[in-house]
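# An overview of the molecular structure
So the chains spell out like this:
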Amino acid sequence: LASGEDGNLVMSPHSISTALAMTYAGAANNTATQIADVFHFGQSPAMLHASLNALDLALASRADGGTSETIPFRLRTANSIWGQDGFEVLDPFLDTLAVNYGAGMHVLDFEGDTEGSRQTINGWVEDQTNDKIKELLPQGVIQPSTKLVLTNAIYFSAAWQEPFKASNAQDRPFQVAGAPVQVSTLYQTADMNYGEGTGWKAVEIPYDGGDLSMTVVVPDDLTTFEQQLTGA
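This section reports on the structure supplied with the text. (Residues numbered from 1 in each chain as written. Predicted model: local features only at pLDDT ≥ 70, side-chain atom pairs only at ≥ 80, totals over all residues. Heavy atoms only, no water.)

## Examining the nonpolar core
Ranked by size, the top nonpolar core spans 15 residues in total, and within it Ala21, Tyr24, Phe41, Leu48, Leu97, Tyr101 and Ala103 carry the most contacts. When residues of this core are traced back to their parent elements, those giving at least two are helix H1 (13-25), helix H2 (29-38), helix H3 (45-61) and helix H4 (91-101). Once residues lying within four places of it in the same chain are set aside, the contact partners of tyrosine 24 are Ala32, Ile35, Ala36, Phe41, Pro45, Leu48 and His49. (Core = buried A, V, L, I, M, F, W, Y, C linked by side-chain atoms within 4.5 Å. Buried < 20%, exposed > 50% of the residue type's maximum accessible area, 1.4 Å probe, protein only. Helix = DSSP H or I, 4+ residues; strand = E, 2+ residues; numbered from the N terminus. Contact = heavy atoms within 4.5 Å.)

See below:
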């Protein structure tokens, strides 16, 4: 969403980098150069793919520290390739994706069964995300001329390291378009990493196991904060 637009946005930078790295594995010449420049792929292709593979394994290992039996720790990424039946895909590309991204090739008939192919891919994504993402590919995205589709799905679910108690919920104002509305809000007092700067406050809320956390940033003015936000 552009600044000032209504609505919510959930984005996974890891998924975007992974999907384009998979694309990069099959690109050459100017296309490969442009992808590498935009995503700052400074490593050799072999090292890049191996690094992303190691990152996925490291993320998956975070589940080892989870102890909650109520909400099991789940963090997984899933990649897949969907190709037109009869369309030739070179073995080195398939090998790179299989070894480094766990992505297998699924054969579909985009030309003869465009809608069925779309539904098959969406069904796979729905399964991989515990039914959270049901329509990754809207109607019209898949065409009879489509030859290859790369998909990436990421799913995360975990308990808080310090669970919120429902009995402590309080009515608090929640900002929406127009005037704030009162909603029942989870509440607790606990020791957490906290920081603030000019125009913003932030808190880090750890998840079960202590290896991952949610960082919540509350700006005094969202537009001003977005304009001043940098990687540093």
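That was the structure; now back to the text.
## A short note on the pairing of strand S8 (residues 213-219)
Both strand S7 (residues 200-206) and S8 contribute to a ladder of seven bridges, which runs antiparallel. From the neighbouring strand, glutamate 204 faces S8, where its bridge partner is threonine 215. Counted along the chain from S7 to the antiparallel partner S8, the turn is six residues long, and its residue glycine 209 has a positive phi close to 100 degrees. (Pairing = 2+ DSSP bridges.)

## Things to note about the sheet that holds S8
Pairing is antiparallel in the open sheet, where three strands are placed in the order S6-S7-S8. Edge strands, defined here as strands with exactly one partner in the open sheet, are strand S6 (193-197) and S8. For this sheet, the mean inter-axis angle between neighbouring strands, taken without regard to orientation, is 15 degrees. (Axes fitted to C-alpha atoms, helices over the stretch in contact; angles between N-to-C directions.)

## Some details on H3
Look at H3: 25 Å from first C-alpha to last across 17 residues, which is about the 24 Å you get at 1.5 Å a residue. If you check which residues of H3 are buried, you get Leu48, His49, Leu52, Asp56 and Leu59. Taken down its axis, H3 places every buried residue within 95 degrees of arc, on the same side. Away from its buried face, by an angle of more than 90 degrees, H3 presents the exposed residues Ala46 and Leu57. Where H3 is buried, its residues touch H1, strand S1 (74-84) and H4. (Expected span 1.5 Å × (residues − 1). Arc of directions from axis to C-beta.)

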